[in-house]
Amino acid sequence: MRKKTEKKRKEIIKAATEIFKEYGFERASMSKICSRFGGSKTTLYNYFSSKEELFVEIIAIANEDETNFVHKPINNNKKIENLHSELLEFGKRFLKFVYSPKLKKIRRLTINQSEITDLGKITYKNRILKSHEILSNYLNKAIEVKKIKKTDTNIAAKHLYGLLESEVMYQFLYQIEIEFTNEQMEEMALRAVDVFISAYGT
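Along every chain, residues carry numbers that run from 1 in the direction the sequence is written. Reporting of local features is limited, given that this is a predicted model, to residues whose pLDDT is at least 70; pairs of side-chain atoms are given and counted only at 80 or more, and all residues count toward the totals for whole chains, interfaces and linings. Side-chain measures here rest on the full set of heavy atoms in the structure, leaving out hydrogens and waters.

1. Re the overall build of the protein chain
Right, so step 1: Scanning the protein chain from terminus to terminus reveals 11 helices and zero strands.
Right, so step 2: Reading the protein chain from its N terminus to its C terminus gives the helix and strand order α-α-α-α-α-α-α-α-α-α-α.
Right, so step 3: Projected onto its principal axes, the C-alpha positions of the protein chain cover 60 × 45 × 25 Å.
Right, so step 4: Each residue is assigned to one of three classes by its accessible area relative to the maximum for its type, calculated with a 1.4 Å probe on protein chains only: buried under 20%, partly exposed between the two thresholds, exposed over 50%. Buried residues in the protein chain amount to 40% of all 202 residues.
Right, so step 5: Carbon and sulfur atoms form 52% of the exposed surface of the protein chain, whose accessible area is close to 12,300 Å². Comment: elements are numbered from the N terminus, with helices defined as DSSP H or I runs of at least four residues and strands as E runs of at least two. Note on areas: these come from Shrake-Rupley sampling with a 1.4 Å probe, and a residue is covered only by the protein chains present in the view.

This is how it looks when you write it as structure tokens:
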């Protein structure tokens, strides 16, 4: 039963991926996805409650390796050896990932759809909050070994994300297409982490 259930889930995801590619997010529908995988709406809704939830899951699967790579410097059980270098490596990877052409397109779609669908809410809950939790847990470990001051790590994590995107966010939001080199993004990450350590470091 378990294998059958997983098999059906994969069939749905495969069919939905094809539909999203062919029709785009707005024109894709649960009915079209049902037709593609040959099942009923009841079956589909047993797995995914909405088109938005299904879309976010597909994006997560497609970017799983890159997401794991981004979080690897701060998502392990090893002792924190060098707070600055680990946060810097995370920051570099984060900026290069979220400002890659693929992710910029997905983020803009999510923002544009947020007023008319639940895509933004689901993305925030299933993707952004998970990333924040990983960073917050890392910062809690940093507090334990006295690398940073005692603080609300949920707030501190938000501050670091804000610092990392501070030099590129407005261009992104207003769709001013400036291409930054890897070297420029690494310098942005360095400035952001320096400010963060200055504020929170012991």
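2. Some thoughts on the pattern of salt bridges
Right, so step 1: Just to be clear on terms, a salt bridge is a Lys or Arg side-chain nitrogen sitting within 4 Å of an Asp or Glu carboxyl oxygen. Within this structure, the stated rule accounts for 14 salt bridges.
Right, so step 2: The residue Glu11 makes a salt bridge to Lys8 at a minimum N-O spacing of 3.2 Å. Within this pair, Glu11 and its partner Lys8 are both found in helix H1 (residues 2-27), separated by three residues, close to a single helical turn.
Right, so step 3: Glu11 gets classed as partly exposed once you look at its relative accessible area, which sits at 29%.
Right, so step 4: When its relative accessible area of 26% is taken as the criterion, Lys8 is described as partly exposed.
Right, so step 5: A network of salt bridges, in which partner residues are shared, links Lys14, Glu18, Glu22 and Arg36.

3. Here we look at the packing of aromatic side chains
Right, so step 1: Aromatic rings from Phe, Tyr and Trp, with only the six-membered ring used for Trp, were paired whenever their centres fell within 6.5 Å, and each pair was classed as stacked if the ring planes differed by under 30 degrees, edge-to-face if by over 60, and tilted otherwise. Taken as a whole and assessed by the stated rule, the structure comprises nine aromatic pairs.
Right, so step 2: Measuring from centroid to centroid gives 5.1 Å for Phe20 and Phe55, while their planes differ by 75 degrees, and the two rings are edge-to-face. Of this pair, Phe20 sits in helix H1 while Phe55 sits in helix H4 (residues 51-62), and the two are 35 residues apart along the sequence. Summarising the burial analysis for this pair, Phe20 and Phe55 share the class buried.
Right, so step 3: Their ring planes at 10 degrees and their centres at 6.4 Å tell us that Tyr170 and Tyr174 sit as a pair that is stacked.

4. Some details on the packing of helix H7 (residues 101-113) against helix H8 (residues 119-144)
Right, so step 1: For every element, the axis is a line fit to its C-alpha atoms; helices are fit only across the contacting stretch, and the angle between N-to-C directions ranges from 0 to 180 degrees. Relative orientation of the contacting elements H7 and H8 amounts to 125 degrees, with a least axis distance of 7 Å. Put simply, H7 runs oblique to H8. Seen from H7, the contacting residues are Leu109, Thr110 and Gln113; seen from H8, they are Leu119, Gly120 and Thr123. An angle counts as roughly parallel when it lies under 35 degrees, as roughly antiparallel when it exceeds 145, as roughly perpendicular when it falls between 65 and 115, and as oblique in every other case. The criterion used for residue contact is that any of the two residues' heavy atoms lie within 4.5 Å.

5. Focus: unusual backbone geometry
Right, so step 1: Phi is positive for Lys146, close to 60 degrees, though the residue is something other than glycine.
Right, so step 2: For Lys146, the location among the structural elements is in the loop between H8 and helix H9 (153-165).
Right, so step 3: Since its relative accessible area comes to 64%, Lys146 is described here as exposed.
Right, so step 4: In this structure, Gln175 is a non-glycine residue whose phi angle is positive, near 55 degrees.
Right, so step 5: We classify Gln175 as partly exposed; its relative accessible area is 48%.

6. Overview of the layout of surface pockets
Right, so step 1: Taken as a whole, the largest pocket encloses approximately 1,100 Å³ of empty space.
Right, so step 2: Every residue lining the largest pocket is counted, 39 residues in all, and those nearest its centre are Val98, Thr123, Arg127, Ile128 and Ser131.
Right, so step 3: Elements with a contribution of two residues or more to the lining of the largest pocket: H4, helix H5 (64-71), helix H6 (83-98), H7, H8, H9 and helix H10 (169-173).
Right, so step 4: Among the elements that make up the lining of the largest pocket, the one with the highest residue count is H8 (10 residues). In this analysis the probe radius is 1.4 Å and the grid spacing 1 Å, with only protein atoms considered; a cavity is a set of points the probe fits into but cannot get out of, a pocket is an open set with protein on both sides within 12 Å along at least five of seven lines, and lining residues have an atom within 4 Å of a point. Grid points are joined across faces, edges and corners, and a volume is the space filled by probe spheres set on the points.

7. Describing the environment of Lys150
Right, so step 1: Positionally, Lys150 belongs in the loop between H8 and H9.
Right, so step 2: Among the residues examined, Lys150 registers a relative accessible area of 77% and is labelled exposed.

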